[in-house]
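# Structural description and commentary
Residue-level listing of the chains:
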2 protein chains.
Amino acid sequence: MPSNRQEVENNVKKQEIRDSARQMFLAFGYEKTSLAKIAKHAGVTANTIYWYFKSKEELFASVVEEIIQAFLTAFKTRKSESLRDNILWVISVLEVSRAFIVTIHEKSRTSQVIADVHQSFHDSLAEISEAYLLEKEMKPTEIKPYITLVGFVIEGILMHELDEKEKNDIVSLLEV
Amino acid sequence: MPSNRQEVENNVKKQEIRDSARQMFLAFGYEKTSLAKIAKHAGVTANTIYWYFKSKEELFASVVEEIIQAFLTAFKTRKSESLRDNILWVISVLEVSRAFIVTIHEKSRTSQVIADVHQSFHDSLAEISEAYLLEKEMKPTEIKPYITLVGFVIEGILMHELDEKEKNDIVSLLEV
DNA sequence: ACCTGAACACCGTTCAAGT
DNA sequence: ACCTGAACACCGTTCAAGT
């Protein structure tokens, strides 16, 4: 609970900037979205963004973090379906954010903030999947590489644009 | 065979720029490598690059094309080993160019030249692998999705930095 | 044909100054 | 506390001018 009205307003403005950033980044990509563009869309001046975020990269990291949180919440509350359905569900949920996947990997090499957000995403996903696969009685030693492999395939499917048939055929190959 | 000395000189200078570009792109990444930096390293002025290449993106595409050609030549003349060895060989050869993989995917979304180079790489690889897997008597309908899956796993391994054990464990899961 | 100096519009970021 | 105008150094790219 915010302690006063001021704080609400602050968070609202910050969220508006984040929302504008998410939309512009998704529409035009990270490099082709200038801070001026985001600021205009959010109804502020470019340098106002620096009051709320330390840099363009931190703004991007903040956007990504929000998306990952929403994804993890949805993932945790989802009841266990077949492995195949779970994988297809993850792909469908992340599909709208597809444009971010490449940028996250690109920026992870030079930005600590984004590398951290990226890493914590993979960790959370692995933790949840591990419990699931143990339930399904997969051999413990096979679980870790298998989770990594599934992650790579999901990323691959999201990064390259495959049609439904190609997508289904590949996911079928992952059946244990 | 070049028709005269002039042409040799031309190609030499162009190659020098390409070489400088490759080294700088690999060392600092695409975005953090300015044309001024490349030009200085090659001993020319920034705008001289525009005599040989239409844009920074075309220069990058040219560098990538050269790497892909070298890779495909090596791949074609290599004699068939086990599938596992072939996959590990591809990974080891591409490892030095790892930094490019992400950038290629990023730029493929907005640059036609790079998308074309990227696509022709996947096509060549699929074509070669298909012949190989037919020899090994894999079912024709399974070949295409399998090749795509292997490609995604190779890209995944290259994009994330895995140690030898993780790498081997994942490649083992690809055994047919 | 090949190369340059100077300029263009734009970029992320900083900061002193305002409220 | 929050926001801005003006400036900074830098960017990819263009082009008239040189050889």
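The model shown is predicted, which means the values in this text are computed figures rather than measured ones. (Residues numbered from 1 in each chain as written. Chains lettered and ligands numbered in written order. Predicted model: local features only at pLDDT ≥ 70, side-chain atom pairs only at ≥ 80, totals over all residues. Heavy atoms only, no water.)

What chain A contains, in helices and strands, is nine helices and zero strands. Its C-alpha atoms put chain A at 55 × 35 × 30 Å along the principal axes. Here chain A holds 176 residues, and the buried ones make up 45% of them. Long-range pairs, those at least 24 residues apart, make up 64% of the contacts in chain A between residues at least 6 apart in sequence. With an accessible surface of roughly 9,700 Å², chain A has 53% of that area assigned to carbon and sulfur atoms. (Helix = DSSP H or I, 4+ residues; strand = E, 2+ residues; numbered from the N terminus. Buried < 20%, exposed > 50% of the residue type's maximum accessible area, 1.4 Å probe, protein only. Contact = heavy atoms within 4.5 Å. Areas by Shrake-Rupley, 256 points an atom, 1.4 Å probe, with all protein chains shown as cover.)

DNA strand C sits among 15 residues. The nearest are Tyr 50 of chain A together with Lys 13, Asn 47, Thr 48 and Tyr 52 of chain B. Counting only the atoms of DNA strand C that lie within 4 Å of the protein, the sugar and phosphate share comes to 69%. Within the contact set of DNA strand C, a phosphate oxygen lies 2.8 Å away from a side-chain nitrogen or oxygen of Lys 56 of chain A. Elements with a contribution of two residues or more to the surface near DNA strand C: α1 (5-28) and α3 (49-52) of chain B. Taken together, the residues of the surface near DNA strand C sort by class into four nonpolar, nine polar and two charged. (Near = heavy atom within 4 Å. Polar contact = N/O pair within 3.5 Å; in protein donor to acceptor, adjacent residues only side chain to side chain. Nonpolar A, V, L, I, M, F, W, Y, C, P; charged D, E, K, R; others polar.)

Bringing the packing of aromatic side chains into the picture now. One pass over the structure, following the stated rule, counts 16 aromatic pairs over all chains. Ring geometry for Phe 60 of chain B and Phe 100 of chain B: centres 5.6 Å apart, planes at 90°, overall edge-to-face. Remark: Phe 100 of chain B occurs in helix α6 (residues 98-108) and Phe 60 of chain B occurs in helix α4 (residues 56-77); sequence separation between them is 40 residues. Phe 100 of chain B shares its class with Phe 60 of chain B; the two are buried. Grouped by ring-pair contacts, the aromatic residues Phe 25, Tyr 30, Phe 60 and Phe 100 of chain A constitute a single cluster. We note Lys 14 of chain A situated over the ring of Phe 53 of chain A; from NZ or CZ to the ring centre the distance is 5.2 Å. When the ring centre of Tyr 30 of chain A is taken as reference, the NZ or CZ atom of Lys 56 of chain A above it lies at 4.4 Å. (Phe/Tyr/Trp six-rings, centres within 6.5 Å; stacked < 30°, edge-to-face > 60°. Lys NZ or Arg CZ within 6 Å of the ring centre and 35° of its normal.)

The predicted coordinates of low-pLDDT regions are not to be read in fine detail. Averaged over all residues, the pLDDT of chain A is 90; the fraction at 70 or higher stands at 94%. Confidence drops under a pLDDT of 50 for residues 1-6 of chain A, and excluding neighbours within four residues, the segment shows two contacts in the predicted structure. (pLDDT = per-residue confidence, 0-100.)

Near DNA strand D there are 15 residues, and of these Lys 13, Asn 47, Thr 48 and Tyr 52 of chain A together with Tyr 50 of chain B occur at the shortest range. Near-protein atoms of DNA strand D (within 4 Å) split between backbone and bases, with sugar and phosphate holding 71%. Separating a phosphate oxygen of DNA strand D from a side-chain N or O atom of Trp 51 of chain A is a distance of 3.3 Å. The contact in question runs from a phosphate oxygen of DNA strand D to an N or O atom on the side chain of Ser 34 of chain B, over 3.3 Å. Every element with two or more residues in the surface near DNA strand D is listed here: α1 (5-28) and α3 (49-52) of chain A.

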